[in-house]
Amino acid sequence: MQYSIGVEYALHCLVYLIDIPEDSSTGIKELSTFQGISDTYLSKIFTKLSKAGIVSSVPGVKGGYRLAKSPEEISFWDVIKAVEGPKPIFQCKNIKDNGYLYRENCCSAPSSCTINLVMLSAEETMRDFLRNKTLAWLNKELDTVLPKQIREDTRKFFSKINN
């Protein structure tokens, strides 16, 4: 199981958008420069975030993106679902139906796969955990785990482009 690096870039960039003034936006170029990735790649991620209602785009020369909701309303799961899509991690192929006994019509296959039920239950537990972690929580957590200077320098970088 692995989420794409796009989820990580999305979460990082969304945290940067928390501190920008409400009437401002931050461009893909600034976000991608800060992250050290291509504008094109990050633009694709932000298109997905925009379609999911997580960010809103601001047109024009000073345009860019800003959060469409408060950081308390945007969960890790919202971001993962926007970037990766809603498909379950485990996708049962009902291989039990190919087993010898079922092929030879000795017995009939049960209607549901126990392995699939367990996997789906585990995924739901993980999704519940991720729904309880929000951008607001992440922002607060970063204040405790990162050196104060890094947080200040990051905020300065993005405040310069919004002034």
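The structure under discussion appears in the preceding block.
Predicted, not measured: the structure shown is a model, and the values here were computed from it.

Student: Mind showing me how you'd approach the overall build of the chain here?
Tutor: Within the chain, the secondary structure is distributed over eight helices and two strands. Walking the chain from its N terminus toward its C terminus, one meets helices and strands in the order α-α-α-β-β-α-α-α-α-α. Buried residues in the chain amount to 34% of all 163 residues. Entry remark: accessible area of the chain is about 10,300 Å², with carbon and sulfur atoms responsible for 55%.

Student: Any chance you could explain the pairing of strand β1 (residues 55-58) here in plain terms?
Tutor: The side chains of a regular strand alternate between both faces of the sheet. Pairing of β1 with strand β2 (residues 64-67) involves four bridges; the strand directions are antiparallel. Each bridged residue has a counterpart across the sheet, and for valine 58 the counterpart in β2 is glycine 64. Between β1 and β2, which follow one another and run antiparallel, lie five residues, and glycine 60 among them has a positive phi close to 105°.

Student: Before we go on, may I ask you to explain helix α6 (residues 114-131) in this structure?
Tutor: Two residues of an α-helix separated by three or four positions point the same way, owing to the 3.6 residues in each turn. Across its 18 residues, α6 extends 26 Å between first and last C-alpha, which sits within 8% of the 26 Å expected from 1.5 Å per residue. Among the residues of α6, those classed as buried are Asn116, Glu123, Arg127 and Leu130. The buried residues of α6 occupy an angular sector of 60° when the element is viewed end-on, so they sit on one face. Exposed residues pointing more than 90 degrees away from the buried face of α6 are listed as Thr114, Val118, Thr125 and Phe129. Contacts from the buried residues of α6 go to α4 (76-84).

Student: Sorry if this is basic, but what is going on with a nonpolar patch on the surface here?
Tutor: Residues Val145, Leu146 and Ile150 make up a contiguous nonpolar surface patch of about 240 Å² in total accessible area. Examined against the element boundaries, valine 145 turns out to sit in helix α7 (residues 135-145).

Student: Please explain the packing of helix α3 (residues 39-51) against α4 as it appears in this structure.
Tutor: Helix-helix packing: each pair is described by the crossing angle between the helix axes and the interaxial distance. As a packed pair, α3 and α4 sit with axes 8 Å apart at the nearest point and diverge in direction by 120°. Handedness of the crossing formed by α3 with α4: right-handed. Every residue of α4 that contacts α3 at Ile45, Lys48 and Leu49 is listed here: Val79, Ala82 and Val83. Considering only residue class, the contact of α3 with α4 consists of five nonpolar, no polar and one charged.

Student: What is the right way to read the environment of glutamate 123 from this model?
Tutor: By the secondary structure assignment, glutamate 123 is in helix α6. Residue glutamate 123 is classed as buried on the basis of its relative accessible area of 7%. The sequence separation of glutamate 123 and proline 88 amounts to 35 residues, and the corresponding C-alpha distance is 7.5 Å. Residues within four places of glutamate 123 in sequence aside, it is in contact with Pro88, Ile89 and Phe90.

Student: Looking at this structure, how should I read helix α1 (residues 5-18)?
Tutor: Here α1 is 14 residues long and its end C-alpha atoms lie 21 Å apart, about the 20 Å a rise of 1.5 Å per residue gives. α1 sits mainly inside the fold: eleven of its 14 residues count as buried. Taken residue by residue, α1 has Gly6, Val7, Tyr9, Ala10, Leu11, Cys13, Leu14, Val15, Tyr16, Leu17 and Ile18 as its buried positions.

Criteria and thresholds
Along every chain, residues carry numbers that run from 1 in the direction the sequence is written. Note on the predicted model: pLDDT of at least 70 is required for a residue's local features to be given, and 80 or more for side-chain atom pairs to be given and counted; whole-chain, interface and lining totals, by contrast, use all residues. As a convention, hydrogens and water are excluded, and side-chain values are obtained from all of the structure's heavy atoms. Numbering of helices and strands runs from the N terminus; a helix is a DSSP stretch of H or I covering at least four residues, while a strand is a stretch of E covering at least two. We call a residue buried when its accessible area falls under 20% of the maximum for its residue type, exposed when it is over 50%, and partly exposed in between, using a 1.4 Å probe and counting protein chains only. In short, Shrake-Rupley with a 1.4 Å probe defines the accessible areas, and a residue's cover is counted only from the protein chains shown. Here, strands pair whenever DSSP counts at least two bridges between them. Multiplying 1.5 Å by the helix residue count minus one yields the expected span of that helix. Working note: the arc is built from the helix axis to C-beta atom directions. In what follows, a contact means two residues having at least one pair of non-hydrogen atoms within 4.5 Å. Put simply, a patch holds well-exposed residues, over 30% relative accessible area, that have no salt bridge, with like charges counted together within 9 Å and Val, Leu, Ile, Met, Phe, Trp or Tyr side chains within 5 Å. Salt bridge, as used here, is a side-chain nitrogen of Lys or Arg placed within 4 Å of a carboxyl oxygen of Asp or Glu. The axes used here are C-alpha line fits, helices contributing only the stretch in contact, and every angle between their N-to-C directions lies in the interval 0 to 180 degrees. The sense of a crossing depends on the near helix, which, turned anticlockwise from the far helix by less than a right angle, makes the crossing left-handed and, turned clockwise, makes it right-handed. Residues are grouped as follows: nonpolar covers Ala, Val, Leu, Ile, Met, Phe, Trp, Tyr, Cys and Pro; charged covers Asp, Glu, Lys and Arg; every other residue, Gly included, is treated as polar.

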